[in-house]
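# Remarks on the overall topology
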Amino acid sequence: MHAEEPSQAVISASNDKIHILPHATYTSPLGSLTPASVSPDPLAQFRAWLQDAVEAGVAEPEAMSLSTVALDPSPLPSARIVLLKTVDATGFVFYTNYTSRKSQELEQTPAAALVFYWREVHRSVRVVGKVEKVTEEEAIEYFQSRPRGSQLGAWASYQSTVVDESAVARRLSKIEQHFDGKQVHKPAFWGGWRVVPREVEFWSGKPSRLHDRVRYLRSAEGTWAIDRLAP
């Protein structure tokens, strides 16, 4: 079942300003959200919601905003969209270049926030937690499952560095020649990060901005407190 489409934004614009005039109305087609209706385990609840999103035809339900914090020269957040690759009993896993900006910031500040937004069903999930690198065995197993073009691309791109217009294409050509007729092995500078949550919030859209919000908060003992938050 699909949600009704929100009203289309009406824009009031001038040379230096844009106003979005109406407020879209949200009503999730997948039912109400209460502390009593969710699993005692937020990762199990997330897996159920992810499956709901897939079955509802949500476009790229694995896409998530990843926020990190750089400390040098001063604390500043940054965010980008990455793709979730695994959610297991421990946390949320994505893969990237370990020399990239996001990885450098995770090395400096080993914590991150994730946000999933599934517009078609008016649901969102927010995650905050510490990060850890996945094992080399996990990274190799995932890398070997990638299309060959993506494997070669991992070698070809010095992610987040400044390059001239054709630098990546030239390097990719050399990498293709190097691995011609060979299996592409995982670069040492490439691997995965796991976000181990201490807080997970589930959001379900409701009319008049009176949305349902249920938050899990992990105690020092590792148990989860489940509360409703005001919209």
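Computed from a prediction, not measured in an experiment: that's the story for all the values here.

About the thresholds
Residues numbered from 1 in each chain as written. Predicted model: local features only at pLDDT ≥ 70, side-chain atom pairs only at ≥ 80, totals over all residues. Heavy atoms only, no water. 1 Å grid on protein atoms, 1.4 Å probe; cavity = no way out; pocket = protein on both sides within 12 Å on 5 of 7 lines; lining within 4 Å. Points joined across faces, edges and corners; volume = space filled by probe spheres on them. Nonpolar A, V, L, I, M, F, W, Y, C, P; charged D, E, K, R; others polar. Buried < 20%, exposed > 50% of the residue type's maximum accessible area, 1.4 Å probe, protein only. Helix = DSSP H or I, 4+ residues; strand = E, 2+ residues; numbered from the N terminus. Contact = heavy atoms within 4.5 Å. Salt bridge = Lys/Arg side-chain N within 4 Å of Asp/Glu carboxyl O. Phe/Tyr/Trp six-rings, centres within 6.5 Å; stacked < 30°, edge-to-face > 60°.

### Brief notes about the layout of surface pockets
- Looking at the largest pocket, its volume works out to about 300 Å³.
- Lining the largest pocket are 16 residues, and of these Tyr95, Thr96, Arg146, Gln159 and Trp190 sit closest to its centre.
- Of the residues in the lining of the largest pocket, the class split is seven nonpolar, six polar and three charged.

### Notes on helix H4 (residues 148–156)
- Looking only at H4, the buried set comprises Gln151, Leu152, Ala154, Trp155 and Ala156.
- On the buried face of H4, the contacting elements are helix H3 (136–145), helix H5 (167–178) and strand S9 (190–204).

### Quick look at the pattern of salt bridges
- In this structure the tally under the stated criterion is 15 salt bridges.
- One salt bridge in this structure joins arginine 126 and glutamate 201, with 2.8 Å as the shortest N-O distance. Highlighted residues: arginine 126 in strand S8 (residues 123–133) and glutamate 201 in strand S9, separated in sequence by 75 residues.
- Here glutamate 201 falls in the buried class, since its relative accessible area comes to 5%.
- Glutamate 201 is paired through a salt bridge with arginine 213; the nearest N and O atoms lie 2.6 Å apart. One end of the pair, glutamate 201, is in strand S9; the other, arginine 213, is in strand S10 (residues 212–218), and twelve residues separate them in sequence.
- Among the charged side chains, a salt-bridge network with shared partners connects Asp88, Glu132, Glu138 and Arg194.

### Comments concerning the packing of aromatic side chains
- Using the criterion set out here, one finds 15 aromatic pairs in the structure.
- Ring plane angle 40° and centroid distance 6.2 Å describe the contact between phenylalanine 92 and phenylalanine 116, whose orientation is recorded as tilted. Residue phenylalanine 92 is located in strand S6 (residues 92–97), and its partner phenylalanine 116 is located in strand S7 (residues 111–118); the two are separated by 24 residues in the primary sequence.
- Given a relative accessible area of 1%, phenylalanine 92 falls into the buried group.
- Seen from their ring centres, tryptophan 155 and phenylalanine 179 are 5.6 Å apart, and the 50° between their planes marks the pair as tilted. With tryptophan 155 in helix H4 and phenylalanine 179 in the loop between H5 and S9, this pair connects stretches of sequence that are 24 residues apart. Each member of the pair, tryptophan 155 as well as phenylalanine 179, carries the same accessibility label: buried.
- Through successive ring pairs, a cluster of aromatic residues spans Phe46, Phe92, Phe116 and Trp118.

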